Structure formats: structure tokens, C-alpha cells
Amino acid sequence: VELVELGSGASRKTRVLLEAMHRSGDAERPRYVPFDVSEDAIVGAAEALTGDYAWLDVHGIVGDFDHHLTDVPRSGRRLVAFLGSTIGNLDPDEQVALLTQVRAMLEDGDGFVLGVDLVKDATTLVRAYDDAEGVTAAFNRNVLHNVNATLGADFEPDDFDHVARWNAAESRIEMWLRARRDMQVRVKDLDLDVELVEGEEVHTEISSKFTEPTITDRLATAGLRVVRFDTDPRGWFGVVTAVPAG
């Protein structure tokens with residue numbers, strides 16, 4: 001029995017699933033396969049988990065969803081987990097494409113657990129992405145710090161305002177950076193000059209929200225059948241359990 005976690009990060013939330021697998025007694029030595037783009041995150045998680053769980057085997061894989069899911073070796077019955085609502089950062093076609101890749105990882109008897117952020121009132125959503133402490137604003141501006149570091153650009157992140165909007169038609173939060181002044185930015189590594197006028201906005205991220213019917217439909221399109229849909233008491237977040245259809 002193995003648990004494959006996509007976008008595993010530090011694997012802290014995964015302990016609940018691992019301990020449940022161990023208690024079930026389905027396998028003498030269950031296997032955990034963290035899959036993440038960060039090698040440091042996988043190594044750190046593997047060291048922490050094997051230190052705490054002598055009964056667990058860990059086989060980490062460094063990769064991204066677009067290219068490396070087929071590199072995950074199989075070892076018996078499998079549960080694939082994609083927690084943390086990360087699927088919301090993809091547009092609908094990309095969501096279905098990723099879910100289709102997940103379906104290809106599964107055989108009869110396997111399962112898939114997916115975390116989703118659910119549609120809620122617009123005021124609550126916007127407040128979550130434009131918090132008074134400025135945490136999300138700093139996260140958004142960090143995009144420009146990364147562009148500067150990786151592409152030799154000279155953006156001034158403090159010259160941009162953070163903007164978060166609820167797009168009801170697409171059921172998603174959109175994050176933007178709005179220029180506070182006219183500016184010309186040099187992106188050295190691309191030999192590119194970017195001109196922005198005051199008030200012009202740069203689209204940086206989406207965070208899609210779901211209803212039970214929409215995520216059920218996306219999973220069905222990818223060949224997966226929902227067998228359980230759980231939410232918190234307020235109905236703000238969902239955990240979907242699915243199996244191969246047909």
C-alpha cells in the first residue's frame with residue numbers, strides 16, 4: 001500500500017493519512033511517495049517522517065505535474081492525494097488535463113483524495129486575499145522579486161499596489177499588481193523593455209473556487225467518479241474522494 005502526494009511540501013498534513021494507513025494494518029510497511037518541485041522540501045520531509053515513523057518507507061520524487069507524473073514507480077495498491085486546494089491555481093482546461101494524468105496513475109482498487117476551496121460570499125473571499133496585515137500583498141509582490149532575481153529585471157515591487165478581485169463569472173479570485181506611476185522596466189535576460197503607465201495592471205495569479213457539481217464534472221471528464229464529498233461545518237472547504245470510473 002502506498003500514498004502518493006502531489007505537491008507534498010513539508011508533508012505535515014500528510015501525517016493524518018499516514019497514521020490512518022498504519023492503523024489499518026493493510027501493509028506491514030506502507031510506502032509514502034512525496035512528489036514536489038522542491039528537492040529540499042522532499043529531503044526535509046523524508047528525514048522528519050522516517051525519524052518519527054520507523055514503520056514507513058519514503059521514496060521522494062522531484063518533478064512537476066506537466067512532465068513527471070509518469071515517473072512515479074508503482075508499489076501495490078495506491079492512494080494519490082492532492083491536498084491544499086492547489087488545483088484552484090489552474091484554469092478549467094488545465095484542471096482536467098492534470099486530473100486526467102492522475103487517472104492514468106490509478107488502477108482498479110486505487111483512490112484519489114483532492115482538496116478544494118469552495119465558493120463562498122464575495123466579501124469573505126476578497127478579504128482572504130487582501131488581508132489587513134498585508135500578507136497576501138507581500139506574497140503577490142514577491143512575484144516581481146523573483147522575476148528580478150531569475151531574469152535580471154529591475155522592477156521596483158513597492159511601486160505596485162496589490163489588487164484582489166472576485167470574478168463571479170469564472171468563480172475565481174484574480175490577483176493583480178497595479179502600477180503606481182509610469183515606468184519602464186528592463187528585463188535583461190530576455191532583452192526586453194516593458195513600459196507601464198500609472199494604473200496599468202499585471203495579472204499574477206488565479207485561485208478558482210468550486211461547487212460540488214463543478215468539481216464532480218471536472219473529475220468525471222477526467223475519468224474519475226466521486227464516491228465521497230466532505231466539507232467543514234461552514235461549507236468553505238471540501239475534500240473529495242474519487243475512484244477510477246468504469
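K.L.:
So what about the packing of aromatic side chains? Which residues, and what values?
P.N.:
Overall, the coordinates contain four aromatic pairs when judged by the stated rule. An aromatic cluster of at least three residues, connected via ring pairs, comprises F35, F65 and F82. The side chain of K120 reaches across the aromatic face of F237, ending 5.1 Å from its centre. Over the aromatic face of W236 sits the side chain of R234, whose NZ or CZ is 3.6 Å from the ring centroid.

K.L.:
Just give me the short version of the side chain of R31, but keep the residues and values in it.
P.N.:
Turning to its location among the elements, R31 is positioned in strand β2 (residues 31-36). A relative accessible area of 13% places R31 in the buried class. Reaching out from R31, the side chain makes a polar contact with the side chain of H59 at a distance of 3.4 Å. Reaching out from R31, the side chain makes a polar contact with the backbone oxygen of P73 at a distance of 2.8 Å.

K.L.:
Account for the nonpolar core, naming residues and giving values.
P.N.:
Of all hydrophobic cores here, the largest spans 27 residues; its most connected members are L6, V80, F112, L114, V116, I215 and L219. Counting residues per element, the ones that place at least two in this core are β1 (2-6), β2, β5 (78-82), α3 (92-104), β6 (111-117), α6 (212-221), β12 (224-231) and β13 (237-244). Leaving out residues up to four positions away in the same chain, L219 has contacts with L99, F112, L114, L224, V226 and V240. L49, W55, A81 and V113 belong to the second largest nonpolar core, which has 11 residues in total.

How each quantity is defined
- Counting restarts for each chain: residues are numbered from 1 in the order of the written sequence.
- Under the rules for a predicted model, residues below a pLDDT of 70 receive no local features and side-chain atom pairs below 80 are neither given nor counted, while totals for whole chains, interfaces and linings still include all residues.
- To get the side-chain values, take all heavy atoms of the structure and skip hydrogens and water.
- Side-chain rings of Phe, Tyr and Trp, where Trp is taken by its six-membered ring, are said to pair if the distance between their centres is within 6.5 Å; with planes under 30 degrees apart they count as stacked, over 60 as edge-to-face, and otherwise as tilted.
- Ring-over charges, as used throughout, are those where CZ of Arg or NZ of Lys falls within 6 Å of the ring centre and within 35 degrees of the ring normal.
- Segments assigned H or I by DSSP are reported as helices when at least four residues long, segments assigned E as strands when at least two residues long, and all are numbered from the N terminus.
- Here the term buried applies to any residue with accessible area under 20% of the maximum for its type, exposed to any over 50%, and partly exposed to those in between, with areas from a 1.4 Å probe on protein chains only.
- Pairing of N or O atoms within 3.5 Å defines a polar contact, subject to two protein rules: one partner must be a possible hydrogen donor and the other a possible acceptor, and residues neighboring in sequence count only if both atoms are side-chain atoms.
- Working definition of a nonpolar core: buried Ala, Val, Leu, Ile, Met, Phe, Trp, Tyr and Cys residues. They are joined through side-chain atoms within 4.5 Å.
- Any two residues whose heavy atoms approach within 4.5 Å are treated as being in contact.

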